[in-house]
Amino acid sequence: QVQLVESGGALVQPGGSLRLSCACTASGRIFSSSAMGWYRQALGKQRELVATITAGGRTNYADSVKGRFTISRDNAKNTVYLQMNSLKPEDTAVYYCKADPLVGRSYWGQGTQVTVSS
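Cut-off values and rules
- Residues numbered from 1 in each chain as written.
- Predicted model: local features only at pLDDT ≥ 70, side-chain atom pairs only at ≥ 80, totals over all residues.
- Heavy atoms only, no water.
- Salt bridge = Lys/Arg side-chain N within 4 Å of Asp/Glu carboxyl O.
- Buried < 20%, exposed > 50% of the residue type's maximum accessible area, 1.4 Å probe, protein only.
- Helix = DSSP H or I, 4+ residues; strand = E, 2+ residues; numbered from the N terminus.
- Pairing = 2+ DSSP bridges.

**Looking at the pattern of salt bridges**
Applying the stated criterion across every chain, the model contains five salt bridges. Lys-66 serves as the salt-bridge partner of Asp-63, at 3.1 Å between the closest nitrogen and oxygen. With relative accessibility at 66%, the residue Asp-63 sits in the exposed group. With a closest N to O distance of 2.8 Å, Asp-91 and Arg-68 form a salt bridge. On the criterion of sequence distance, the pair formed by Asp-91 in the loop between β8 (79–84) and β9 (93–100) and Arg-68 in the loop between β6 (59–61) and β7 (69–74) is long-range, its members being 23 residues apart. The residues Asp-91 and Arg-68 share a single accessibility class, namely buried. Connected through shared salt-bridge partners, Arg-40, Glu-48, Arg-68 and Asp-91 make up one network.

**Topic: the pairing of β9**
By the criterion of burial, β9 is predominantly enclosed, with six of the eight residues buried. Where β9 and strand β11 (residues 112–116) come together, three bridges link them in antiparallel fashion. Bridged to Tyr-95 within β11 is Thr-112. Two strands pair when backbone bridges link them, and β9 and strand β10 (residues 107–108) are joined in this way by two bridges, in the antiparallel orientation. The partner of Ala-99 across the bridge, within β10, is Tyr-107. Connecting the antiparallel pair β9 and β10 is a turn made up of six residues, with Gly-104 showing a positive phi of about 95 degrees.

As structure tokens, this is what we get:
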């Protein structure tokens, strides 16, 4: 069983920064071989991809966050991070962590709220 627990969401002013964390309860071997991703869902909108990182460390970003957000992973801590800089009101959403193991189903966390407002 894999569980994902997100943290770090908060209310922040436009232009501010936040770092989200996603702790994974899977074994180290499962986590390190899994692709991980951050997605977000704003009120009334569909969930969308924000950023992904492969087991090998290759990253991919939505155009809307390129140059502002950075995804990273620490396999020793079974944790994936999303550093968010230059935040905009349109970044307001619930942010979800996703794990895609090599074998079996994908897993989602419960989400953490990010609100960008003055």
